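Chains, contacts and geometry: an overview
Residues per chain are reported as follows:
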Amino acid sequence: MDKIILLFFLIASKTYVISQQSSSKCEENFYNIAFGHFTTPNYPDYYGDNRRCHYSINIPRVRNIVLAFIDFDVEAFHDFVQIGTGEILRENAIINYTAEHFSVRPSMEIASDLVWLTLTSDSSYGGRGFDVAFYQGPHCGENFYGINSGHFTSPNYPSNYGNNLTCHYIISIPEAHSIRVTFLDYDVESLFDFVQVGKGPISHENTLINYTTDYIHLPPPLEVASDFVWLVFRSDFSIAKRGFYLTFSAGSNCDETFYGTNSGHFTSPNYPTYYGNNLRCHYIINIPGVQSITLEFINYDVEKMFDFVQVGKGPISHENSLINYTADYSPVPPPLEVASDFVWLIFSSDSSVGGRGFSLTFSAGQNCGKEFYDDSFGRLTSPNYPEYYANDLRCQYIISIPGVRSITLEFHDYDVEPFLDFVQVGKGPISYENSLINYTADYFPLPPPLEVASDLVWLIFSSDSSVAGRGFVIQYSSDSKCGGNFYNAPTDGIVSPSYPHYDDGDQFSCYEISIPDVSSITLTFNDYDIRDGLGYIGIGTGQDLLENTLFKSKKHYAVLPPPLEIASDYVWIVFASDGSVKQRGFNMTYSSESNCGKRFYNIPNGYFSSADCSSNNCHKGHCNNVISIPGALTIKLVFVDFDMGSPHNYVEIGTGLLLHENILFRYDKLSVPPPRPLAIASDTVWVTFHNESSIDVSSSFKIAFSEGSYCGKRYQDVEKGYISSSDCTSDECKDAKCNSIIHMREAFSIKLKFVEFDMRSPNDYIEVGTGLYINDKVLFKYNSSSQPLQKTLEVATDAVWISFHTYRITGFVSRFNMTFSKGAPCGGRSLNQHTGKLRQKGKTTNYVDDEEAHCVYFISIPDALSISLDFNFGLSRHAEISCGEARHGNLVKRYNDQKSIEVACNMILLIDRPPPERLVISFSVEHNCGRRIINQRFGHIVPSNLHNAHSDDLRCLFYISIPDNRLIFLIFNFFDLEHDQPYIEIGTSSLISDPDSRLHRFTASSNIQYFIEAKADKVWIKIYTGQSEASQGINITYSADPMPPTVPKITIDNDPVTEGDRLILTCHSTGIPPPDYKWYYNGEYLNINDKQYTIAAASVDDSGEYSCTATNEENTTRSSIYVDVLHHSFPWIIIYIAVPTVLCLTATVIVLLCICKCRRKRRKEATTGNEGKIDNAKNIGDENCYLEPEEFIYSELDIPMESLGEYEKPAKPKSYTPAEETYLKMY
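In short, a report on the structure.

Glycine aside, a negative phi is what most residues show, and trans is what most peptide bonds show. Each neighbour pair has its own omega, and for Tyr-271 with Pro-272 the value is 5 degrees, a cis peptide bond. Topologically, Pro-272 is positioned in the loop between β21 (263-267) and β22 (280-286). Positive phi outside glycine occurs at Asn-42, with the angle close to 70 degrees. Note that Asn-42 resides in the loop between β3 (35-39) and β4 (52-58). For Asn-42, a relative accessible area of 44% corresponds to the partly exposed category. One non-glycine residue with positive phi stands out, namely Asn-270, at about 65 degrees.

The structure is reproduced here in structure tokens:
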């Protein structure tokens, strides 16, 4: 009721606003109006039958909108009011009001800047309708941008946070692969007040977790795979508690991409030292146009069976995996040639034990030949056939027909130089060991047909430097796919042909295992004898052979391959041998898992629990549950219940059909799952419950799953195309957001260009970012007021996403069209490596004379303050160095013939013309302390490390960047270096190594300039301590804005001041620029323009009012102080008593000397009476002056009698004027 009364008061005070922004129409849009109200048609009369009225409220850039119902009356259960956000769709409704009476809340706060209401009435009856007011909600919260770590709290923390709050906190750390949120304190009203966490645009759809319940300790840490995370804190109308205190920090990544580089080298993280636990690193090699890529291990040392390197081609998936390096190798795995221009490697480590990791090189084949895929018949020819082929060729032809037993080659023409030019034929991965025959001699009339027992055949045509012929024409064909199976047999044995005898000649065989309704099939090798490169075994699932290959090997294992547990009721096995070497083949048994766990195929949602694992068939100590939704982009899991009674029991979650591979999560009694949903980017997810407890301890869990949704398009390995708003018109686009992803695996860069851009509504916009996750790493945001440039946008990545946000209920239709294409043909990439070498990769020979051609090199070190680069030769005059991923986004400088540079950013984009030889870039991180200060206009720099007694060899860098600012002021508040070895350098721009950007260099012996005005929007400060004892420290104030002087504070060095003392007055004031000072005495200018005013010997006459003014270009401030100079040791009261001697020739004089001081705070005058009698001082001011004895001196003197008499009073000292005077009188 209080809220309603307050609302009516608010309405009454804003009547003129409401009268302009009120409505009783059936359709109305309120745009950019902070306060208003509206009613249903004819209110307060009956609103009418068969109505469907729409109302939208859009207040851009506000965090929430409050709706307050003043009246509500609709027909119960038949007429209703819907409220929602985004596009007006039933799916977007937040709440439906259908009750007969006023049962709605008096007010509600909706976390959106766009809210809609609809009224729907049937054909009979009705009510008054409603009268509702709206206004923008309160503001609280904080934004953190470009800061790698920080903390924040709820309002008033640690006091109670208050009621009816909606606070938004936004954390944006560009280029961070993830953001980790950790609660240090959490105390909110259970179930009613909560903290909501999400990523991307703030909406219910993007929520990851709601912290609503009590926590015994604290909510668990949360790591979000995005560089943009938001938190919303809400409290209701009653009960408030302490709130929360949390920290955030940026995560890291170990992925690396090589695009267009014909050769290169990379290693596992931290190689050759221990690589670490729980890693999952992706390495992608993409060399467009080549027929194959060869991998060669230089070193290999990983934990056997648990850590592994997986190699594949095409889209990264288990189905495209070629081999898993999991076992010990002596000394290293053999070289592997993959018939593709796109190869990926995944390095995975578990939670314990490790090794040095691996080091490997890769190289590319030649750019001639062709690949034939899944065509049963075809024809291939040599280059330029029937004309003579060229010299120095190495062309590769790949024929891949998945599922066939053999491929037959038939020559229709053959004319090559004998013995020097040749055609080589093989099968499997391209290597010398897999070669079947070399056609090198003359053949008349043609070489005989060749049948190869494989579904993958390759040919290499090689020519030398002289003589050529017509070349060849070859026609190929294939037979039908193999048959034979084991049907509905829960367990059996399978052996290769001729086993256990050594095979004789070419062998090819395939086997199918089909056991309906089982959850998994396990294959166990009993014997395995396949020689490296001369035999092949492939295992997978799916009705087409080689469609979903899970295990593929052509190598010899020192020990038996591990068992394979496959989450399917159908498995195929293919075995082939060329017969050139004797080998036994294999012997395996299979078994199936039935009635233990569940398998969900193409079911969009459901649940499973530990109760599904209670069957007696779960005899292996683990229970598998598999969810497979073909075509789904994501599968979401939510733990409804989790209780591991024993520390030996746990739940594992992974992706793919090969169980116990690609493990993503493991939860046990100590590591429980988070309450938020787990969104897994795969169409197949497995969950295994391990019950390994030796005692009967009850453990339980329950998991709900559902399929994710998608709106937009994906362009996989498409080198050019276009994206349009017309891609966002499907029925799946229900959340007013349409996403498009461009993924050119291992591309050095991707080019984008808008050919049309028309945002009709100010609420519509387009975001462009990098990576494979939407709303992750946003680079640009374009809307009606901030439109994209007409020039091409080039981004140094292999994946770009474009998100189109549109709200169609505004009645406007926004549209756009853009083109995309593959960028640079050469370059290199390094991610999250603090030191190393980046070698140029890709093809450059055909681009040297192309003015538009360039290579793109990208280095990202998230926690670096600066990156130093050394080149094996100077860059060209075309070279561009930028900070960030986008070309021209933050250009540092163009350079010519620079072999060593240092750039103050953690991401460097280098673009240069293709060099005449391979470019090698050595990179490193030089600084071990400091911080980056981005867009903070005022603050202090205090390197606390310098106070440490053991702070030898500190190399600190502080980088201040305030975009669009013209000046940055620096003030040295404190500066102390030990001697000349340490130094401080100050400069502008992001290029630290540029001598033109350096402004100053200070050492201990140099005269430091305490105020520096830098005419730039970027300033860097380097502090180097050297090998020396720690200095006292440095304190620097920086500001982007001038500041008026503060009111001066005047201090006296020696207070109180006695006449004759040295008087020092100091004027303290701070301002930017530092102020100038002037001194005044009793209002008169002293012609002193220094911070200090000094009087060498003060007198009583110097007492008075002293004033100081502090002036800079912003203002003048003034302050005064009254100085009272105290009387010295005067007056003297001297009493002489003369006593004659016996002979009266001399007299003994007794001298009593009384030394007094005048005590007063204001200047006073005093008088002295006759004969040395002192009267009370005359009052001039508020206080009296009293004489107080300070010291008595007694002395005896013998003087001649004739010296007795009356004398003049002594002369006054020049340094003071006593208030009272005495004279000497001897009698």
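From this point, the discussion proceeds with the structure in view.
Under the criterion given, the structure shown has 5 disulfides. Put simply, Cys-26 and Cys-53 are joined by a disulfide, and their sulfur atoms are 2.0 Å apart. A torsion of -95 degrees about the S-S bond marks the disulfide between Cys-26 and Cys-53 as left-handed. On the criterion of sequence distance, the pair formed by Cys-26 in the loop between β1 (22-23) and β2 (27-31) and Cys-53 in strand β4 is long-range, its members being 27 residues apart. Accessibility expressed as a relative area gives 22% for Cys-26, which makes it partly exposed. Under the relative-accessibility criterion, Cys-53 is labelled buried at 0%. Cys-1067 shares a disulfide with Cys-1108; S-S distance 2.0 Å. Between Cys-1067 and Cys-1108 the sulfur-sulfur dihedral comes to about -90 degrees; the bridge is accordingly left-handed.

Enumeration according to the criterion identifies 15 salt bridges in this entry. As a salt-bridge pair, Glu-902 and Lys-1022 come within 3.6 Å of each other at their nearest N and O atoms. With Glu-902 in strand β72 (residues 900-903) and Lys-1022 in strand β82 (residues 1018-1024), the pair connects residues that are 120 residues apart, well separated along the chain. Across the pair Glu-985 and Arg-998 runs a salt bridge, and its minimum N-O distance is 2.7 Å. Remark: Arg-998 occurs in strand β80 (residues 998-1002) and Glu-985 occurs in strand β79 (residues 983-988); sequence separation between them is 13 residues.

Under the criterion given, the structure shown has 64 aromatic pairs. An angle of 45 degrees between the planes, with centres 6.3 Å apart, marks the rings of Phe-266 and Phe-362 as tilted. Of this pair, Phe-266 sits in strand β21 while Phe-362 sits in strand β28 (residues 357-364), and the two are 96 residues apart along the sequence. The same class applies to Phe-266 as to Phe-362, namely buried.

Taken together, 5 strands build an open sheet; the order of strands is β75-β77-β82-β79-β80 and the sheet is mixed. The sheet terminates laterally at β75 (929-934) and β80, the two strands that pair on one side only. Between one strand axis and the next, the sheet turns through 10 degrees on average, direction left out of account.

What follows deals with the sheet that holds strand β89 (residues 1092-1095). Pairing is antiparallel across the open sheet formed by 3 strands, whose spatial order is β84-β86-β89. The open sheet has two edge strands, β84 (1049-1052) and β89, and neither has a second partner. Along the sheet, successive strands turn relative to each other by an average axial angle of 15 degrees, direction set aside. As paired strands, β84 and strand β86 (residues 1063-1068) are joined by 4 bridges and run antiparallel to one another. From the neighbouring strand, Ile-1050 faces β86, where its bridge partner is Cys-1067.

A word on the side chain of Asp-764. Here Asp-764 is to be found in the loop between β59 (750-758) and β60 (765-770). Engagement of the side chain of Asp-764 in a polar contact is seen with the side chain of Ser-814, the distance being 2.6 Å.

Thresholds applied
- Residues numbered from 1 in each chain as written.
- Predicted model: local features only at pLDDT ≥ 70, side-chain atom pairs only at ≥ 80, totals over all residues.
- Heavy atoms only, no water.
- Helix = DSSP H or I, 4+ residues; strand = E, 2+ residues; numbered from the N terminus.
- Buried < 20%, exposed > 50% of the residue type's maximum accessible area, 1.4 Å probe, protein only.
- Disulfide = S-S within 2.5 Å.
- Salt bridge = Lys/Arg side-chain N within 4 Å of Asp/Glu carboxyl O.
- Phe/Tyr/Trp six-rings, centres within 6.5 Å; stacked < 30°, edge-to-face > 60°.
- Pairing = 2+ DSSP bridges.
- Axes fitted to C-alpha atoms, helices over the stretch in contact; angles between N-to-C directions.
- Polar contact = N/O pair within 3.5 Å; in protein donor to acceptor, adjacent residues only side chain to side chain.

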